[in-house]
Structure formats: structure tokens, C-alpha cells
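Results of the structural survey
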Amino acid sequence: MSSAPPITALLGPTNTGKTHHAIERMLEHASGMIGLPLRLLAREVYDRLTARVGESRVALVTGEEQRIPRRPSYWVATVEAMPIEREVDFLAVDEIQLAAHPQRGHVFTSRLLAARGRLETWFLGADTMRDALRELVPTARHVEHPRLSRLAYAGAAPLARLPPRTAVVAFSMPHVYELAERLRKRRGGAAVVLGALSPRTRNAQVAMFQAGEVDCLVATDAIGMGLNLDVEHVAFAATRKFDGRDVRDVDDAELGQIAGRAGRWIHDGTFGAVTPLELPAGAVHAIETHSFPRVRRVQWRSDDLDFSSIAALRASLAEPPTRGIFRHAAGAEDAACLAHLAGRAEIARRASGADGVRLLWDVCTVPDFRKLMLEVHVDFLAELFVELADRGRLREAWLEQHVGELERGSASDVEELVARIAAVRTWTYVANRASWLDAAEPWQERTKRLEDRLSDALHERLVLRFVDARKAARPRARPRRARGESEPDLATLAGDRAPDPGHPFAGLAALRAGLHPGARPPAARPGSPAWVDDVVEAEHAGLSLDASGRIIHGASSRVVGGVVRGGSIALPDVRLADGDDLGAGARSRVHRRLLAFARDVVGDLLGGVGELAARAGASAPLRAFVHRLEQGLGTTLEADLDDVLAVLSGEDRGALEEHAVRFGAGVVYLPRGLLPASIAARVALASAWFGAGRALGAPAGGAVSFTPSRGVDRRAYAAIGFPVLGPRAVRADVLDRVFERAARPAGEDPADEEALLASWIGAPRADLRRVLASTRRDARAPSDGVPSDDAPR
């Protein structure tokens, strides 16, 4: 009897790399899924994964955003949006201590009880969940993940005396804005991070802080949930928050979650308060020693819902827990909305059957992004339900009325823009319920464009309101700056020259210029150049890689970057063509997109063969075969695989053939890699890896063979689909055909047969004879003086 798949609980303080380890472990499996507590964190993890394996293998699923390629291997989702009905080899859930959260906890508890990977499951979170996990998941193996750096209390200090790389924390948006205003006057400004920001605005704000354009970041507790920031000090400006129902003290564990963002890996961090606030001695001790009260009870709600009637649904939601560790999730927003709607006659009349009740429940799960009074949200849900119940789909005119109003409206300050983005998020969520619309995709694209436009405007307004460019332009040391990253020329803001379009203060300069009649108009539009967003959002087919290694954006014919040598020929890196003219945030976004594109190019060439080796239980011969085929980008001589082919099982061979691997006569290859566009991409990748430069190139005019250049590693020619035998580099499929024909019994006229084969490879007969007579040693030996794969460059 086989044992159950292992479950691991990785527990420890915040900022200790638990999520990173889970991602690495997931990539060791052929398929996986990770659930994360925030949309912002899900997008950050998605960006990291796609930069590793390409966008064609990673799906992103949140309430407001779905990016699902044709055959994803890995799923990144918010915990609520996890498609747990899909079977994956590895599954992870992050921040499991949120199982105690009054509104969201029951979802985390449900994942702990029921969500499992086929081969392995990981649960990540605070050590406070250790006892609860022993009861909820008794078979889990607990692994302690300690913090490797010290977190020390630095006392209280006024805003003006806070150290660089400080995150100032408040628990309401008005307080965040007040602190940012004060920092603008005293320190030149601050970046702002709120849970209500879109990923686009958040990334732009964080980029200013990460690049050192501002010393401080002002944030809500949203930064406590795994967002990666180079923070060295956390200063609390408040310790009380409104939790949706009451104003309460933030408990020590919550303070520790936030304070733990200071420091990273082996770099020590500090925390403190903004005067006149002082942290209690007990809280300080708990944070420094990571000693917090254990979670004793978690939120729970039955997943077995009865849709036979509204009353039955409410009764199943109110079903009392049967275990002492469970506390009934009475504070969940969706159940509260259902209770309000159930009392409305027009709703009850339309939800008389099981289908109507199920639709009503689906409508109740639409989140209240606007965070207005519950009654306002319920009124919107009632209108939405009536529209769906009466017509089965949302009318185009009805959608146009609501979305069009948001598009036409204007907002002149930060608060109004935040409110409009929250309203747009509601419609983005609705648009992603494809069954509710006749044509969901156009509305998804439209609401996304609107959110992006408002996000850019919000970033510019945040900079204008909370950053004094002249004060912020003072030179300062920037710890942990990425190698090779240049210092931005902030002095341009004080002179006549407009800052570069991607500069974090370009929007500020443009807005200020408009306030002065005699001001010279900026040289470029504010914010990132338009092409940046076009490239970042481009589909795979919207980018191309030519034989010279240039990555080209098809819609604009703009060269946006190029491939360079990476970790292996199958893991190329990229460089930006115009990176010096962009701000840190824009550079990062474009680099990530181009890196994902480059990895997708390799994935297309190999046709998913790499996934075979990644599967759990893949045999050693299969893994070795795939590795060698990857190093040739889909082509290798049979002689170079003799040792592997001798032990490759028939089952493995069959799986490879199902992935279109051709076991030809003398050569193994993927036919898809021999198309003209594929060969051009292979030339680019091989040139970058082998350093062949212009000496390596595809044959002109579609020739099927050519004379290889001296001094170029023969493996480079195999990597472009033209293995070298004797004096010729011959396209793999033609070589297969020639070897297969040559293996037949000789005909009546050998001279005619030789002439036929020579015509196939487009070479003199003498060259054909040398190709056919090439020894195994000739086929495998690299050219003299050419470095091997592992040689330093």
C-alpha cells in the first residue's frame, strides 16, 4: 500500500525566504500551484516565475485578473481564487496564519483541510500556527525556517531623523497621506504603498524607493505580506486600526509581521516608532524574539452548501462547527450580503430554484473593492443579480452605462483616483466571470486599459503631491544597488532639459511645467513612454527574435532588446536596447517581459519536451536525453546519444515521440525547430551562448547545407539545426533522409544514387562521400581552440 503524498509545514518569522523556497520546490515538479494572500504578491510571484520559465507555462488567477496560457504548468493565484479542482503535482498555500482572520480565515482553513498536491503539499506561515496545524493536518512534517539576521528595536524618532531606507507604517489612508506630506516637507518626499493600489501603481511607487529616488516609503500593513522591498528600518506611526468593524489595537503578531520586513537574508534590520508614539516593552520583546501567542482557533465554514433554496443555503452557511479548534466564520462579507439580499422580495422571487440560488451566491462573492457602507455594496449586488437573473447575461448597454461613466469621469486628486480605481476593479472582476457576459474578452481588455490609465495618473499625482523633486534630488548613497545600475540624473529637474520619459520624476516635471506660463514644454510625455506598456502587455506573437539576436516589437517594428549569454543555451538572458532612457520601474518591467519571451522562444523550439524530464518519477535516461537535446535546442547527432539510447526504455521513447521527437537515421531532432523563423531564433541563441558572432549564421537562400566557418564550435551548428559531418553543415531533416536512403541496399547504378544524394544536400559528390564516411569522432569533436560549454567567458 503506497503512502500518502508528503505534506510539509514550513514555519518561521516573516522575511525568511519561505515563499522563495516554495517557488524553487514547485519548479522541481512538472506542475504546481501556489496560493498567495494578496493580488499584489500574486503578481510579483507571477513575474518572477515567468522570467524563469516563460509566460507560456505560467497562469495567473486572481479575482480581477486571469492570464491563462494554452497549457500552463504552474498556477499562481490568490488563495480565494485557487483552481483547486485542477490536479497538480505540487501545491502550496502561503501565510496560513490568516486562517484566524475573521473575514477571510475560513478560506485558508478550507485549503488546509482539503487542498493537496498529487505528489507534494507545502503550507507556509508563522510559527504561531504550529499547534493548530498539528490538529488540522496531523500528518504534516514541520520544518523550522529561522531568520538569519537580527531584528532590533531602535526606539522612537521624529520623521526628520528616521534613517534612510525606512518604511513608515500607518493603518489608514488619510494617515498615510498625512505622513507622506510631512516627509515631503522634511525629507523631500516618499513613495506610497497601499493595499488599494493596483499592481501597476504599486510597482511604479516601489521602483522610486528601490532606486533610491526617495529615502522613505509610507505604507499600510499591506507590506507585511511578503512584498519584496529593500527596507532597513520599519517605523510605526500608529498601532491601532479599523478592521472593518471596530477600531482595535494591532496585536503583537501583526506588528511582528510588519516589522520583520526590515533587513533581508543576513542583513540585520531595525524597527521603532515615530514620536510621540512608543512601542510597549512587551511588544518590543515579542518582536525581537519572534515570540507570539499561538493560534488556538481558526475560522471555519462548511464547504458543503445547499442550493435548494435561499433558506437552505443560509442554513448550510450557518452550520455550527464540530471541532473545538473551529470558530464559525460569522463575519464573512459574502454571507452578510446574502442575509441582506434574502430579505428583498425582488431577489427572493428570482432565486426560487437551485440555479437562481447558486447565481445569487456567486453574485454575493463579488468583493467590495470600494469599501463603502455594506448597504451600498448590497444595492450594487442586487442590481447585478436582477440583470443576470432576468437576461442570463449582462447587457452590453448596461455595461456601457457603468464602465463608460468611469471612463468619462475626471479625477483631480489622489483620493478620487484611488476611489475610481477601486470601482474599476469591481468591473474587472465582473468581466472575468466569462459566463456572465456574451463577449467577456473585450470587456476584460477595456477594464484593464482603464485601470492602467488611472494607475498611471495616480502614480503621477502621488509623485506631484508627495515628492519635492529638488529636495529629493540631493545625492545620497544607495545600498544594495544592482550591479551596473546607473545613477539617475535628477539634476535635470532643476535645469532646462526635460527628464527622460521613464524617469520617476518625468510626470512631476511635466505637471509643474504646465503650472508656469513661460515654462518650456517637456521633451517627452510624462511617465513611461507608450512603447513600454505596449511591449510589457504584448502577446508572445507580438514579439520576434531575429538571427542577429534582436528582440523586435512587431506592432512598432521597434528593437527593444536582445538575447545574451545566460545560465545555459536553453536559459538565455536579455539586455534592453533603450534601458538607459527608462526609470527603474520601467526597466524592470521591460526586462522581465523580454526575459519571459526569450524563455518562451526556447520552450517553443523544444515543444514541451523539457516538461517530460521535470515530471516526478522521470527516469535517469529520459532526463539525460532531454538535457542533451536541450543543449542542441532540439537537434543532436545519434552518435552523441549512443550511451543514453542504449538504456532508454520503450515507454520513454514513446513519450518522446508523442512530443514530436524524431528518431531519425543518424540524427535526433524536432522538426518544428527547422522552420525558417525557428532557425533564425536558434542562430540568435547559439551565437549568444557560443560567442560565435557573425561567423555563425543560417544559410542564405534556404540552402539545406553549407560549409561551416573555421573556429566555430561544431555544437553551435547542431544547435541551429545543421549538424556538422565532414566538410558540411547539413540540415537535420535532410541528413536524416540522406542517411536513411544510404542505408538501403545499393541499386544498379551507384553513381546515379550518389548524384541523387549529393543533390539532396546541395554539395559536390566528394563532399557527400566525406559526409557519409565521417567517423563518430569527427562528428563529436569540437573545433580547435573553441571553449567548451563550461568555459568562462
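Small disclaimer: the values here were computed from a predicted structure and weren't measured.

Attention now moves to the overall build of the protein chain. On a plain count of helices and strands, the protein chain comes out with 30 helices and 28 strands. Out of the 793 residues belonging to the protein chain, those deemed buried represent 53%. Here the analysis covers contacts within the protein chain between residues at least 6 apart in sequence; of these, 69% occur between residues at least 24 apart. With an accessible surface of roughly 34300 Å², the protein chain has 51% of that area assigned to carbon and sulfur atoms.

Attention shifts here to the environment of T50. Counting through the fold element by element, T50 comes out in helix 2 (residues 39-53). Assessed through its relative accessible area of 0%, T50 is described here as buried. The sequence separation of T50 and F597 amounts to 547 residues, and the corresponding C-alpha distance is 8.6 Å. Those residues within four positions of T50 in sequence are excluded, and the remaining contacts are E55, V58, R592 and A596.

Across the sheet, 8 strands lie side by side as 4-3-5-2-6-7-1-8; this open sheet has mixed pairing. Edge positions in the sheet fall to strand 4 (66-67) and strand 8 (141-144), since each of these pairs with one other strand and no more. Bridging between strand 2 (residues 32-36) and strand 6 (residues 90-93) involves 4 bridges; their strand directions are parallel. In the sheet register, M33 faces strand 6, and the bridge partner there is L91.

Moving on, we get to helix 5 (residues 173-187). The first and last C-alpha atoms of helix 5 sit 20 Å apart over 15 residues, in line with the 21 Å expected at 1.5 Å per residue. Considering only its buried residues, helix 5 is in contact with strand 10 (166-169), strand 11 (190-193), strand 12 (216-219), helix 15 (414-431) and helix 16 (440-466). Positive phi appears at G188, one or two residues downstream of helix 5, with a value of about 95°.

This paragraph deals with the pairing of strand 22 (residues 571-576). Sheet faces and side chains relate simply in a regular strand, where the side chains alternate between the two faces. Sheet topology note: the strand 21 (residues 558-568)/strand 22 ladder contains 5 bridges and is antiparallel. Paired with V563 across the two strands is V574, which belongs to strand 22. In this antiparallel pair of consecutive strands, strand 21 and strand 22, the connection spans 2 residues.

Quick look at helix 24 (residues 650-658) now. All of the buried residues along helix 24 are D652, A655 and L656. Mapping the buried residues of helix 24 onto a view down its axis gives an arc of 100°, with all of them on the same face. Exposed and facing more than 90 degrees away from the buried side of helix 24 are G650, E651 and E658. Buried residues along helix 24 sit against helix 21 (609-614), helix 22 (620-631) and strand 24 (662-663). Just downstream of helix 24 lies A660, where phi reads positive at about 70°.

Right, let's talk about a nonpolar patch on the surface for a bit. A surface patch of nonpolar side chains, amounting to about 370 Å² of accessible area, comprises L148, W265 and I266. Within the secondary structure, I266 sits in the loop between helix 7 (252-259) and strand 16 (269-274). Note on I266: relative accessible area 55%, which makes it exposed.

This next bit is on the environment of E28. Turning to its location among the elements, E28 is positioned in the loop between helix 1 (18-27) and strand 2. Linking E28 and F90, residues 62 residues apart in sequence, is a C-alpha distance of 9.1 Å. Of note is the side chain of E28, whose polar atom sits 2.6 Å from the side chain of R25.

The way to describe two aromatic rings as a pair is by their centre distance and the angle between their planes. Evaluation of the coordinates by the stated rule reveals 10 aromatic pairs. Ring plane angle 80° and centroid distance 5.4 Å describe the contact between F380 and W427, whose orientation is recorded as edge-to-face. Of the two residues, F380 sits in helix 13 (residues 374-391) while W427 sits in helix 15, which places them 47 residues apart along the sequence. For the pair F380 and W427, a shared accessibility class is recorded, and that class is buried. Centroid distance F706 to F722: 5.4 Å. Interplanar angle 50°. Geometry classified as tilted. A residue pair is termed long-range when its members are at least 10 positions apart, and F706 in strand 26 (residues 705-706) and F722 in the loop between helix 26 (714-719) and strand 27 (724-725) qualify at 16 residues. You'll find F706 and F722 in the same group, each marked buried. Grouped by ring-pair contacts, the aromatic residues F380, W398 and W427 constitute a single cluster.

Throughout the structure, instances matching the rule amount to 2 cavities of 30 Å³ or more. Approximately 40 Å³ is the volume attributed to the second largest cavity. Around the second largest cavity, the lining residues are V564, R565, G566, S568, I569, P572, L685, A688 and W689. Take the lining of the second largest cavity: its biggest share by element is 4 residues, from strand 21.

As a further point, take the pattern of salt bridges. For the structure on display, the rule yields 52 salt bridges. Ionic pairing is found between K241 and D221, a salt bridge with its closest N-O pair at 2.7 Å. Of this pair, K241 sits in strand 14 (residues 240-242) while D221 is found in the loop between strand 12 and strand 13 (233-236), placing the two residues 20 residues apart along the sequence. With relative accessibility at 15%, the residue K241 sits in the buried group. What makes D221 partly exposed here is its relative accessible area of 28%. A salt bridge links D390 to R350; the shortest N-O distance between them is 2.7 Å. In this pair, D390 is assigned in helix 13 and R350 in helix 11 (residues 345-350), connecting sequence segments 40 residues apart. Using a relative accessible area of 41% as the deciding quantity, one classes D390 as partly exposed. In this structure R350 comes out as partly exposed when scored by relative accessible area, which is 24%. Put simply, R43, D47, E55, E65, R67, R200, K448, D452, D456, E537, R592 and R593 are held in one network by salt bridges that share partners.

Definitions and limits used
- Residues numbered from 1 in each chain as written.
- Predicted model: local features only at pLDDT ≥ 70, side-chain atom pairs only at ≥ 80, totals over all residues.
- Heavy atoms only, no water.
- Helix = DSSP H or I, 4+ residues; strand = E, 2+ residues; numbered from the N terminus.
- Buried < 20%, exposed > 50% of the residue type's maximum accessible area, 1.4 Å probe, protein only.
- Contact = heavy atoms within 4.5 Å.
- Areas by Shrake-Rupley, 256 points an atom, 1.4 Å probe, with all protein chains shown as cover.
- Pairing = 2+ DSSP bridges.
- Expected span 1.5 Å × (residues − 1).
- Arc of directions from axis to C-beta.
- Patch = residues over 30% accessible without salt bridge, like charges linked within 9 Å, V, L, I, M, F, W, Y side chains within 5 Å.
- Salt bridge = Lys/Arg side-chain N within 4 Å of Asp/Glu carboxyl O.
- Polar contact = N/O pair within 3.5 Å; in protein donor to acceptor, adjacent residues only side chain to side chain.
- Phe/Tyr/Trp six-rings, centres within 6.5 Å; stacked < 30°, edge-to-face > 60°.
- 1 Å grid on protein atoms, 1.4 Å probe; cavity = no way out; pocket = protein on both sides within 12 Å on 5 of 7 lines; lining within 4 Å.
- Points joined across faces, edges and corners; volume = space filled by probe spheres on them.

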